[in-house]
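Here's the letter readout for the chains.
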Amino acid sequence: MPSRDRRSGPRRISRVFPESARPPVCHSRFITGDAVASSPSSRKGAGQGARKHGASKSSAGWLKEHFDDRYVQRSWQDGYRSRASYKLMELDEKDRLLRPGMTVIDLGAAPGGWSQVAAERVGPKGVVIASDILEMDALAGVAFIQGDFTEEPVLEAILAALGDRPVDLVMSDMAPNMSGMAAIDQPQAMYLVELALDLARRTLSPGGRFLAKVFQGEGFDAYLKELRGSFGRVVTRKPEASRARSREVYLLAENFRG
Ligand SMILES: C[S@@+](CC[C@H](N)C(=O)[O-])C[C@H]1O[C@@H](n2cnc3c(N)ncnc32)[C@H](O)[C@@H]1O
């Protein structure tokens, strides 16, 4: 079990990865792949600017793909902060995740696409507590805590914001800054979902649900097994808005045993 007594430094977990494999805390900025980095009016400028300042062919390609993406374009039209909003909407439509009055924790929330959807759907009687290592512009109905979730004070701030309110849904869309090297990226990603699961176990009410983005690779099967130990049912989801080439899938764990 993760230890809970550290005031700073990476939180300990050892269920999936041994201590020696624990990834370093990464404070660099994150390329989420989902953020709506620019408005339509800045589209041209963003691409041109990138090239003018010597962006590589691959980043110019990334920008083109991003701006041509239909979910990015929809998010501009619909006023969502990221294309990730459509993943959550799709998951919600299938699995009825969000209901008025619910208390929801949103981990890896910036720039706020999921939080927007959650706040709309839980309504004024609901509570959304969001957290990210990056800054996030304020959103009505969302309490935001900025900080590295691998650090104990951030966990404590989330727990303090919750008070004794039972949680209905913990969601994690956290993703580390991908280097492209599976041996580095996968342990970092698994570490974040391990910590998210730890928070879910500590805060969910019996019967509650946990939704996490998990990357297929080393540690995935062990994590799935762990989820099955704490929840009555676990299903895998790959929303249409999730890029087919991405190894990400969403695990939805239901009926927390408490
Ligand atoms: C795919 S993005 C989330 C998109 C978001 N769900 C949305 O709808 O706009 C992944 C997020 O995970 C965050 N993240 C990665 N590592 C983190 C950490 N150690 N602590 C907190 N947030 C982290 C990144 O900053 C990034 O904003």
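Just so it is clear, the model here is predicted, and its values are computed rather than measured. Residue positions within a chain follow its written sequence, with the count starting from 1. Local features in a predicted model are, by the rule used here, given only for residues with pLDDT of at least 70; side-chain atom pairs are given and counted only at 80 or more, and totals for whole chains, interfaces and linings are based on all residues.

## Re the sheet that holds strand S2 (residues 127-132)
Quick reminder of the rule: Only when DSSP finds a minimum of two bridges between them are two strands counted as paired. Here a helix means four or more residues in a row that DSSP labels H or I, a strand means two or more in a row labelled E, and each is numbered from the N terminus. Comment: axis = line fitted to C-alpha atoms, over the contacting stretch for helices; angle = value between 0 and 180 degrees taken between N-to-C directions.
Pairing is mixed across the open sheet formed by seven strands, whose spatial order is S3-S2-S1-S4-S5-S7-S6. Taken across any chain shown, the strands that pair with only one partner, and hence form the sheet edges, are strand S3 (142-146) and strand S6 (231-237). Within the sheet, the average angular offset between the axes of one strand and its neighbour, ignoring direction, is 15 degrees. The sheet contact formed by S6 and strand S7 (residues 248-256) spans six bridges and is antiparallel. Its bridge partner being in S7, Arg233 is matched across the sheet by Glu254.

## Considering the site of the ligand
How we decide: Residues are counted as near a molecule or strand when the C-beta atom, derived from backbone positions, lies within 6 Å of that molecule or strand. Charged residues are taken to be Asp, Glu, Lys and Arg, nonpolar residues to be Ala, Val, Leu, Ile, Met, Phe, Trp, Tyr, Cys and Pro, and polar residues to be all remaining types, Gly included.
The immediate surroundings of the ligand are formed by 25 residues, with Ser82, Ala84, Gly108, Gly113 and Asp173 found nearest. Elements supplying a minimum of two residues to the shell around the ligand: helix H4 (84-95) and helix H5 (113-122). In terms of residue class, the shell around the ligand is built from 13 nonpolar, seven polar and five charged.

## Comments concerning the nonpolar core
Quick reminder of the rule: Throughout this description, the term nonpolar core refers to a group of buried Ala, Val, Leu, Ile, Met, Phe, Trp, Tyr and Cys residues whose C-beta atoms join them within 7 Å. Backbone-placed C-beta atoms define the burial measure: a residue is buried with 20 or more other C-beta atoms within 10 Å of its own, exposed with 12 or fewer, and partly exposed in between. Working definition of a contact: two residues with C-beta atoms, positioned from the backbone, lying within 7 Å.
By size, the foremost hydrophobic cluster in this structure holds 63 residues, and its most contacted members are Val104, Ile105, Val128, Val170, Ala196, Phe210 and Leu211. Counting residues per element, this core draws most heavily on helix H7 (residues 182-203), which supplies ten residues. If we skip the residues at most four places from it in the chain, Val128 touches Val104, Asp106, Ser115, Ala118, Ala119, Val122, Gly141 and Val142.

## A short note on the pairing of S7
Sheet topology note: the strand S5 (residues 204-215)/S7 ladder contains six bridges and is antiparallel. Residue Phe215 lies in a different strand from S7, and its bridge partner there is Glu248.

## Considering the packing of H4 against H5
The condition is simple: Angle categories: roughly parallel below 35 degrees, roughly antiparallel above 145, roughly perpendicular from 65 to 115, and oblique for all the rest. In this scheme, a crossing is called left-handed if the near helix is turned counterclockwise away from the far one by less than a right angle; it is called right-handed if the turn is clockwise.
Where H4 meets H5, the axes come as close as 7 Å, and the angle between the chain directions of the two elements is 40 degrees. Considering the angle they form, H4 stands oblique to H5. Our pair here, H4 against H5, has a crossing hand that is right-handed. Residues Ala84, Ser85, Leu88, Met89 and Asp92 of H4 form the contact with H5, whose own contacting residues are Gly113, Trp114, Gln116, Val117 and Arg121. Residues that form the contact of H4 with H5 fall into these classes: five nonpolar, three polar and two charged.

## Topic: the environment of Asn255
With respect to the element layout, Asn255 can be found in strand S7. C-alpha separation for the pair Asn255 and Ser230, spaced 25 residues apart in sequence, amounts to 8.6 Å. If near-sequence neighbours (up to four positions away) are discounted, Asn255 is found in contact with Gly207, Phe231, Gly232 and Arg233.

## Points about unusual backbone geometry
With an omega of 5 degrees, the peptide bond between Ala110 and Pro111 qualifies as cis. Its location among the elements puts Pro111 in the loop between strand S1 (103-107) and H5. A positive phi angle, near 50 degrees, is found at Arg96, a position not held by glycine. Here Arg96 is to be found in the loop between H4 and S1. In the Ramachandran plot, Asn255 falls in the positive-phi region, its phi being about 60 degrees despite a non-glycine side chain. Here Asn255 falls in the partly exposed class, since 14 other C-beta atoms lie within 10 Å of it.

## As for the confidence of the model for the chain
Cut-off, in case you're wondering: Confidence of the predictor in every single residue is expressed as pLDDT, which spans 0 to 100.
Averaged over the chain, the pLDDT score is 84; the fraction of residues at 70 or greater is 79%. Here residues 1-8 is modelled with pLDDT under 50, and outside its nearest four sequence neighbours on either side it reaches 13 contacts, counting other chains as well. Across residues 37-54, confidence stays below pLDDT 50; counting only partners more than four residues off in sequence or on other chains, it has 16 contacts.

## Side note on helix H3 (residues 70-78)
One full turn of an α-helix is made of 3.6 residues, so residues set three or four places apart face in the same direction. How we decide: Think of it as the arc spanned by the lines of direction from the helix axis to the C-beta atoms.
By the burial criterion, the buried members of H3 are Tyr71, Val72 and Ser75. The buried residues of H3 occupy an angular sector of 105 degrees when the element is viewed end-on, so they sit on one face. For H3, the exposed residues set more than 90 degrees away from the buried face come down to Arg70 and Gln77. Where H3 terminates, the next one or two residues include Gly79, which has phi positive at roughly 80 degrees.

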